[in-house]
Amino acid sequence: MEHLLDISGLTVSYYTDIGRAIALNQVDLKLKQGEKLGLVGESGSGKSTMGLAMMRMIKPPGKVEGGSVVIDGVDLLQLSDKEMLKKRLSTISYIPQGAMNSLNPVLKIKRQMIDAYKAHYPDHKLDQIMDLAHEAMRSVELPEHVLEMHPHELSGGMKQRVCIAIGILLRPQIIIADEPTSALDVVTQRQVIETLNRVQQKIGSALILIGHDMGLMAQSMDKVAVMYAGVSKVDNVNEYEGGNDMPHSGPYNLVLWDANQKIYDLNTDWWAVKAGRISMPEVKRVVMFNIGGQVGQGMDVVAQRVVNNEFDATLDMRSSVIGNILRQNSKVTTHSADKPPYGYLDWWPNSLWVNTQLEPYSDARVRRAMSLLINRELINEIIYEGAGIATIYPFPLYPGLEKFANSPAVKKLEAELQPGLYDPDQSAELMKAAGFTMNSDDMWEKDGKTVGAVINGFEGIHSDIVPVLVEMLRNGGIDADINFGTDAYQNMADGKAGLYMFGHGASLKDPYTALELFHSRYSAALGTTAGSNRFSRYSNPEYDKLLDEMAPLGGDDPRFQELAAQALGIYWKDQIDIPVIQWLHRIPYNQTHWVNWPTIANPSLGMNGAFWAHTGMLVVSTLKSAK
Amino acid sequence: MHGLLTVEFKQAYPLAVRPKQPPSLKYLFGTDFFGRDLYTAMVVGVWQTAIIGLLAGAAGTIIGIVLGFISAYFSGLVDTAIKFICQILTPIPAFLIQVVIASSIDKRDVTIITMAVVVFLLSWMAPTLVIRSQVLSMRERQFVAVAKLSGMNSLEIIFKEIFPNLLPFIAAAFVAQVFQAVFASFYLAVIGLGPLREPLLGNTIWAAQSQSAFFNGWWWWPVGPSLAMILILGSLALINMGLDEMANPRIRNKE
């Protein structure tokens, strides 16, 4: 079919004091009879300018500089002002943004309709006009007595429908609705859009709906054109059926994404079900809330909403909080059911790292002295309610690694080096040996300077453990303090003086990757930025040799195990960093509405229970309704 | 003061006592997640907060007096400059600038003293303007003219004639300054910009907040410092109102 509307090369600029601003740049757009097009784009992208340009309503300082707007073979831009006046409303009508202000407050609706009509057909009889007006009111589902009312007697939604009624009075071929729903609540929005759709079908005109509500567009439009910085991408969208449906192979389609939430709806057509790979997921809709702020902040509010059965699963909780969630709502469970540690082991055990090239941390005795001040039993008792979270390893104790940690060679080293020892007296001796003296504040001091051990960390996830570490260090004379500032990570990467609370995201099966983090090849020079996990800047040829020999060997190779034990020995002996805690994901699963969460008792899923991990959708798609 | 004499300072810091204990005879205000005795923490915190308030208040008032006198007494270009700066700075919300400064200081340098400095930096304008306007009116009084006629020099006039007359205003300005400073140190600490280890009243609330105290049922944790802060600010406000009445008879007559 021939195109009803054919816009090509439309260019509009605004001339301001600071120069020319191109609002529309060579925009092309084609529309068939009866077609519905959604025109979306960010604020200022030229959506409204486009609508106004089609109506020839661009006012100075704006100027149409080129292109054509052809409707039924007539280029609107070439018409005289008088001819254009005739075209408006009869061929192309425009329903303005904000109906509230578009109606004359002192005239009755009837009067305004008659005026609009008479502008086109001055010699028509009043009866004839009134018939049309009544019909228009009926098609927007407004009672006819509204015609006798003033605009202030109507609600926002009614006013908007009056504007639509005026817009369709002359049965135009094209209706442009510029954000007709922007000031209305969602229920009224829906009514207005439905009205618009119905009317459009009834009179068979084409509809251009300008707006930025993607959900609305996706529901009611045939196709969607995206305006970006004055350039329409409509042609690509025309070719791509299905609008904003992103290409993917999962069971859920993203239907809404704004600052507050993401909503996914089940795709009942999912190929994996058709292919018999998996049964149809029971969860029809997934809503993800943005709780705002830094990760781990405001978690008490989130916790309360889990207790209230408003959330089914959340981000990680701290140990004490998740314990209280379980106590307050018996329907909530965790990976380890209702027993500590209420979660599962992550691959990210946290250490106190230091820049080993920087005074005084370059002295292994100082690092060891600090480690001797960490009372790991007390940490378990105070922060983790007795669960054994404190660690002496830079890797998580997953089965393969646990086997390594329990091997005779490692056990022997552990007994010999005592990496988890808490002994302030021995610590004091080491500090003295390193040349420090106790000052009047009971802090170790060398050349008039204390150790200055500011612990850089992240408030959301570390504000329980770090204050305790600071106190332990201070009790042993290390002048420790806290930095949860936004510069914390940068300080770690830049190797600024101080301690860094950070994990080792490395080993899963055998210890190679974790130990390799301390290889000299990552020992960035002072003044340069170290990569993530490379904060130690440690350099030791003997250690490198062990790692290089391990590299080609398999994890089960006895030689590999032997070398790994030696390397771990150096890690402990040289105290490359100070291992503190294992990392756990403590996620509450609310079983009020959904069951079959991945837990120890239900390991068949064998997947990470975190909804934010790659496997999150797998977890969701295997949930079962609790009813 | 009684508190300061009886408590053991050490107990205001983590790991000192049994954690998470509700109020009891042994721990009057309970203990927190980190094992601080909250009664001790409050006693120490009140004094630390008071020190910030007094330091920043005193510094602000003194600067205010000096600038106010210079500005009003010598008038001319100096006056215009001082007045101009004050009037530009006054409407800028101090909170924003304090947050920017407090969060950009190296954490090691955030101490009780630097907190006082941060608070003081933007709090000297109000007393400057108050003192300036009072001196302006004082300057025109008869007795100053007489003093001038009798050959006293500027300094003598300022200190012997005008200053004693302004004491009530200065006292009121000082109390208002202390109020502002205590409050500022409090809110900065509540949002986690204070010296995190110290048991400042605001810090205690920050810590309670970040450990989800209410959700976990440790209701006593933020209660003590909140009450203390209400009492401190309330009494400062009452003192200020009283001084105001003393300095400004018109307010008194209104009642």
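Thresholds applied
- Sequence positions are assigned chain by chain, starting from 1 and proceeding in written order.
- To read the labels, note that chains go from A and ligands from 1, taken in the order they are written.
- Thresholds applied to this predicted model are a pLDDT of at least 70 for local features of residues and 80 or more for the giving and counting of side-chain atom pairs; totals over whole chains, interfaces and linings are not thresholded and use all residues.
- The side-chain quantities take in all heavy atoms of the structure and omit both hydrogens and water.
- Helix and strand assignments follow DSSP, with helices taken as H or I runs no shorter than four residues and strands as E runs no shorter than two, numbered in order from the N terminus.
- Exposure categories follow from relative accessible area, calculated using a 1.4 Å probe and restricted to protein chains: below 20% of the type maximum is buried, above 50% is exposed, and the middle band is partly exposed.
- Pairs of residues are marked as contacts when any of their non-hydrogen atoms sit within 4.5 Å.
- To measure how exposed things are, a 1.4 Å probe is used in the Shrake-Rupley method; for residues, cover is taken only from the protein chains shown.
- At least two bridges found by DSSP between two strands are what make those strands a pair.
- Geometry of aromatic contacts follows a simple scheme: Phe, Tyr and Trp rings, the Trp one being its six-membered ring, pair when their centres are within 6.5 Å, and the pair is stacked under 30 degrees between planes, edge-to-face over 60, tilted otherwise.
- The span one expects for a helix is its residue count, reduced by one, times 1.5 Å.
- Only buried residues count toward a nonpolar core, which is a set of Ala, Val, Leu, Ile, Met, Phe, Trp, Tyr and Cys residues joined through side-chain atoms within 4.5 Å.
- Salt bridges are defined as contacts in which a side-chain nitrogen from Lys or Arg sits within 4 Å of a carboxyl oxygen from Asp or Glu.
- What pLDDT expresses is the predictor's confidence in each residue, scored from 0 to 100.
- In this analysis an axis means a line fitted to C-alpha atoms, helices contributing only their contacting stretch, and an angle means the value between N-to-C directions, from 0 to 180 degrees.
- Summed over both partners, buried area is the accessible surface (1.4 Å probe) that two parts give up on being assembled.
- Side-chain atoms alone can form a polar contact between residues adjacent in sequence; in general such a contact is a pair of N or O atoms within 3.5 Å, and within protein one must be able to donate a hydrogen while the other accepts it.
- All residues other than Ala, Val, Leu, Ile, Met, Phe, Trp, Tyr, Cys, Pro, Asp, Glu, Lys and Arg, Gly among them, are scored as polar; the first ten of these are nonpolar and the last four charged.
- Exposure above 30% relative accessible area and no salt bridge define the residues that can form patches, which grow by joining like charges within 9 Å and nonpolar side chains of Val, Leu, Ile, Met, Phe, Trp and Tyr within 5 Å.
- Note that the term roughly parallel is reserved for angles under 35 degrees, roughly antiparallel for angles over 145, roughly perpendicular for angles of 65 to 115, and oblique for everything else.
- Two helices that cross are described as forming a left-handed crossing if the nearer one is turned anticlockwise from the farther one by less than a right angle, and a right-handed crossing if clockwise.

## With respect to the overall build of chain B
Inference 1: Scanning chain B from N- to C-terminus turns up eleven helices and zero strands.
Inference 2: Starting at the N terminus and ending at the C terminus, chain B contains elements arranged as α-α-α-α-α-α-α-α-α-α-α.
Inference 3: In chain B, which comprises 255 residues, the share counted as buried stands at 47%.
Inference 4: Once local pairs closer than 6 in sequence are excluded, the contacts in chain B between residues at least 24 apart make up 68%.
Inference 5: Summed over its atoms, the accessible surface of chain B is roughly 12300 Å², and 70% of this surface lies on carbon and sulfur atoms.

## Structural notes on the pairing of strand β2 (residues 19-31) of chain A
Residues and elements named next belong to chain A.
Inference 1: By the bridge criterion, nine bridges tie strand β1 (residues 5-16) to β2 in an arrangement that is antiparallel. Bridging across to β2, L10 finds its partner in V27.
Inference 2: Counted between consecutive antiparallel strands, the loop separating β1 from β2 contains two residues.

## Digging into the packing of aromatic side chains
Residue and element names in this part refer to chain A.
Inference 1: Tallied over the full model, the rule gives 27 aromatic pairs over all chains.
Inference 2: Judged by centre distance (5.2 Å) and plane angle (70°), the rings of W348 and F502 are edge-to-face. One end of the pair, W348, is in the loop between β15 (344-345) and β16 (350-354); the other, F502, is in strand β22 (residues 499-503), with 154 residues separating them in the sequence. Side by side, W348 and F502 carry an identical accessibility label, which is buried.
Inference 3: Pairing W353 with F535 gives two aromatic rings, centres 5.6 Å apart and planes at 70°, and the pair type is edge-to-face. With W353 in strand β16 and F535 in the loop between α20 (512-516) and α21 (541-550), the pair connects residues that are 182 residues apart, well separated along the chain.
Inference 4: Overall, the relative accessible area of 0% leaves W353 in the buried class.
Inference 5: Classification of F535 as buried rests on a relative accessible area of 0%.
Inference 6: Members of the aromatic cluster, each reached through a chain of ring pairs, are W348, W353, F458, Y489, Y500, F502, F518, F535, Y571 and W583.

## Considering the environment of T622 of chain A
Residues and elements named next belong to chain A.
Inference 1: Within the element layout of this structure, T622 appears in the loop between α23 (616-621) and β27 (624-625).
Inference 2: In this structure T622 comes out as buried when scored by relative accessible area, which is 16%.
Inference 3: When the C-alpha positions of T622 and S279 are compared, they lie 8.7 Å apart, and in sequence the two are 343 residues distant.
Inference 4: Residues in contact with T622, not counting those within four places in the same chain, are N596 and L605.

## What to know about unusual backbone geometry
Residues and elements named next belong to chain A.
Inference 1: Of the consecutive residues E359 and P360, the connecting peptide bond is found in the cis state with omega at -10°.
Inference 2: The topology assignment puts P360 in the loop between β16 and α12 (364-371).
Inference 3: One non-glycine residue with positive phi stands out, namely D72, at about 55°.

## Structural notes on the side chain of T314 of chain A
Residues and elements named next belong to chain A.
Inference 1: You can see T314 is positioned in the loop between α10 (299-307) and α11 (319-328).
Inference 2: The buried category is assigned to T314, whose relative accessible area is 3%.
Inference 3: Residues in contact with T314, not counting those within four places in the same chain, are V302, V306, I587, P588, F611 and W612.

## So, helix α2 (residues 38-74) of chain B
Inference 1: Here α2 of chain B contains 37 residues, and its C-alpha end-to-end distance of 52 Å stays within 8% of the 54 Å for a straight helix at 1.5 Å per residue.
Inference 2: Taken from the residues just after α2 of chain B, S75 of chain B is the one with a positive phi, measuring 45°.

## Details of the nonpolar core
Residues and elements named next belong to chain A.
Inference 1: By size, the foremost hydrophobic cluster in this structure holds 91 residues, and its most contacted members are I379 and I465.
Inference 2: Among the elements that make up this core, the one with the highest residue count is helix α22 (residues 558-573) (nine residues).
Inference 3: Residues within four places of I379 in sequence aside, it is in contact with I374, Y384, I465, V468, L469, M472, V580 and I581.

## Section: the pattern of salt bridges
Residue and element names in this part refer to chain A.
Inference 1: Enumeration according to the criterion identifies 22 salt bridges over all chains in this entry.
Inference 2: In this structure, R171 and E135 form a salt bridge, with 2.9 Å as the shortest nitrogen-oxygen distance. Taken together, the residues span a long stretch of sequence, with R171 in the loop between α5 (156-168) and β7 (174-178) and E135 in helix α4 (residues 126-139) at a distance of 36 residues.
Inference 3: Note on R171: relative accessible area 44%, which makes it partly exposed.
Inference 4: On the basis of relative accessibility, which here comes to 27%, the residue E135 falls in the partly exposed class.

## Points about the confidence of the model for chain B
Residue and element names in this part refer to chain B.
Inference 1: In the predicted model, chain B carries a mean pLDDT of 84, and the fraction of residues at 70 or more is 95%.
Inference 2: Between the elements of chain B, mean pLDDT differs from a low of 57, seen in helix α1 (residues 2-6), to a high of 89, seen in helix α3 (residues 76-89).
Inference 3: Here the predicted complex carries an ipTM of 0.78, next to a pTM of 0.66.

## Describing the sheet that holds strand β20 (residues 453-456) of chain A
All names here are of chain A.
Inference 1: Pairing in this open sheet of five strands is mixed, and the strands run β21-β20-β22-β16-β23 from one edge to the other. Only two strands of the sheet have a single partner each, and these edge strands are β21 (480-483) and β23 (578-581). Across the sheet, the mean angle separating the axes of adjacent strands is 30° when strand polarity is ignored.
Inference 2: The pairing of β20 with β21 spans four bridges and is parallel. Along β21, the bridge assignment pairs I455 with I482.
Inference 3: Sitting on the sheet, α12 touches β16, β22 and β23, and the angle it makes with β23 is about 20°.

## Notes on the interface of chain B and chain A
Inference 1: In this assembly, 21 residues from chain B lie in contact with 34 residues from chain A.
Inference 2: For the pairing of chain B and chain A, the buried interface totals around 2400 Å² over both sides, and the portion due to carbon and sulfur atoms is 56%.
Inference 3: In this structure, the connection of chain B to chain A is made through nine residue pairs in polar contact (both at pLDDT 80 or more).
Inference 4: Among the residues forming the side of chain B that touches chain A, the class breakdown is ten nonpolar, five polar and six charged.

## Let's talk about helix α10 (residues 220-247) of chain B
Inference 1: Here α10 of chain B contains 28 residues, and its C-alpha end-to-end distance of 41 Å stays within 8% of the 40 Å for a straight helix at 1.5 Å per residue.
Inference 2: For α10 of chain B, the full list of buried residues reads W220, W221, P222, G224, P225, A228, M229, I232, L233, L236, L243 and A247 of chain B.

## Digging into a nonpolar patch on the surface
All names here are of chain B.
Inference 1: On the surface, I51, L55, I113, V117 and L121 cluster together into a nonpolar patch covering about 410 Å² of accessible area.
Inference 2: Secondary structure elements with two or more residues in the nonpolar patch: α2 and α5 (112-121).
Inference 3: Considering every element that reaches the nonpolar patch, the biggest residue donor is α5, with three residues.
Inference 4: Of note, V117 is situated in helix α5.
Inference 5: Looking at V117, the relative accessible area reads 40%, which means it is partly exposed.

## Considerations on the sheet that holds β2 of chain A
Residues and elements named next belong to chain A.
Inference 1: Read across the sheet, four strands follow the order β2-β1-β4-β5 without closing on themselves; strand pairing throughout is antiparallel. In this open sheet, the two edge strands, each paired with only one partner strand, are β2 and β5 (74-75).
Inference 2: Relative to β5, strand β4 (residues 62-71) runs antiparallel, the two being bridged by two bridges. Counterpart to I71 in the pairing with β5 is V74.
Inference 3: Strands in contact with helix α1 (residues 47-54) are β1, β2 and β4; relative to β1, the strand with the most contacts, it is inclined by about 115°.

## A closer look at the packing of α10 of chain A against α11 of chain A
Residue and element names in this part refer to chain A.
Inference 1: Where α10 contacts α11, the two axes come as close as 9 Å, and the packing angle between them is 20°. Our classification of the angle between α10 and α11 gives roughly parallel. In this structure, α10 meets α11 at a crossing whose hand is right-handed. Residues A303, Q304, V306 and V307 of α10 pack against V321, I325 and Q328 of α11.

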